[in-house]
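# Working through the structure, step by step
Below, each chain spelled out in residue letters.
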Amino acid sequence: EAQVTQNPRYLITVTGKKLTVTCSQNMNHEYMSWYRQDPGLGLRQIYYSMNVEVTDKGDVPEGYKVSRKEKRNFPLILESPSPNQTSLYFCATSPTGTVYEQYFGPGTRLTVT
Amino acid sequence: QKEVEQNSGPLSVPEGAIASLNCTYSDRGSQSFFWYRQYSGKSPELIMSIYSNGDKEDGRFTAQLNKASQYVSLLIRDSQPSDSATYLCAVKFFGNEKLTFGTGTRLTIIP
């Protein structure tokens, strides 16, 4: 089954404790991206990767890191989480190598206390 | 200043009527336009894309683009209760592979 998976789906953590949210896809898609969704602010792009060799910042990259060492995985790293990073996070992929036709993962709800 | 704006709603439409959702965007070399649907507690899913001025129809959905007026809309004909969701407008601007989303319009279809 073609899918985008995210782990964990729910996470409660404390300020400053490093964490990684994984994103994995089995569709051989080139493009992968991370978004956060907050009430009143909508979906905002954090980072994207057009392929294994190209990663670039989205609109809200501060406080986040990403890594694209292989095509299928695109983890989101929060090295020192803060309460303002409490949000719903989505990973998305696209077969086209561009932002078109994105398929979203199920989401990860993160709470930083 | 927000680059993509939508009325947050809620927008209530009787079953069987036409639902009209609107989106305006800033003129920063806009290139491509997308409508996503998001059910409560679920992830967004792409329902329409439009790249040139005019109308594009897909089943009960019609996307309309007017670049001169910086306006894109989504019409849903014969609205069904299953169309109740939040609809997100997204714009890709020239020069990068990012999507900028509006905050979404919550649509409720009343049986």
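To be clear, the structure that these remarks concern was listed above.
Quick summary incoming for the structure in this document.

Calculation criteria
Residues numbered from 1 in each chain as written. Chains lettered and ligands numbered in written order. Predicted model: local features only at pLDDT ≥ 70, side-chain atom pairs only at ≥ 80, totals over all residues. Heavy atoms only, no water. Pairing = 2+ DSSP bridges. Helix = DSSP H or I, 4+ residues; strand = E, 2+ residues; numbered from the N terminus. Buried < 20%, exposed > 50% of the residue type's maximum accessible area, 1.4 Å probe, protein only. Contact = heavy atoms within 4.5 Å. Buried area = accessible area lost by both parts, 1.4 Å probe. Salt bridge = Lys/Arg side-chain N within 4 Å of Asp/Glu carboxyl O. Polar contact = N/O pair within 3.5 Å; in protein donor to acceptor, adjacent residues only side chain to side chain. Nonpolar A, V, L, I, M, F, W, Y, C, P; charged D, E, K, R; others polar.

## Quick notes on the sheet that holds strand E7 (residues 65–66) of chain A
Residues and elements named next belong to chain A. Taken together, the four strands give an open sheet; going across it, the order is E1-E3-E8-E7, and neighbouring strands pair in antiparallel fashion. Each of the sheet's edge strands pairs with one partner strand only, and the pair in question is strand E1 (4–7) and E7. Strand direction decides the pairing type here: E1 and strand E3 (residues 19–25), joined by four bridges, are antiparallel. Residue Gln6 lies in a different strand from E3, and its bridge partner there is Cys23.

## What about unusual backbone geometry?
Omega for the bond connecting Asn7 of chain A with Pro8 of chain A falls within 30 degrees of zero, at -5°, which places this linkage in the cis form. Mapping Pro8 of chain A onto the fold places it in the loop between E1 and strand E2 (10–13). Cis geometry marks the peptide bond from Gly9 of chain B to Pro10 of chain B; its omega dihedral reads 10°. Although it is not a glycine, Glu101 of chain A sits at a positive phi angle of roughly 55°. In this structure, Glu101 of chain A sits in the loop between strand E9 (87–94) and strand E10 (103–104). One non-glycine residue with positive phi stands out, namely Gln70 of chain B, at about 55°. Residue classification places Gln70 of chain B among the partly exposed positions, given a relative accessible area of 25%.

## Comments concerning the interface of chain B and chain A
Taken together, the 21 residues of chain B in the interface contact 22 residues of chain A. Overall, the association of chain B and chain A removes approximately 1600 Å² of surface from exposure, summing both partners, and the carbon and sulfur fraction of that is 56%. Looking at the side of chain B facing chain A, the largest losses of area belong to Glu97, Lys98 and Phe101 of chain B, adding up to 37% of the total buried there. The partner of Asp59 of chain A in a salt bridge is Lys98 of chain B, with the nearest N and O atoms 2.8 Å apart. In this structure, the connection of chain B to chain A is made through seven residue pairs in polar contact (both at pLDDT 80 or more). Among the secondary structure elements, those contributing two or more residues to the side of chain B that touches chain A are strand E4 (30–38), strand E9 (85–93) and strand E10 (100–101) of chain B. A total of five residues in the side of chain B that touches chain A trace back to one element, the largest contributor, which is E4 of chain B. Looking at the side of chain B that touches chain A, its residues break down into eight nonpolar, eight polar and five charged.

Everything listed is a geometric property; what it means functionally is a separate question.
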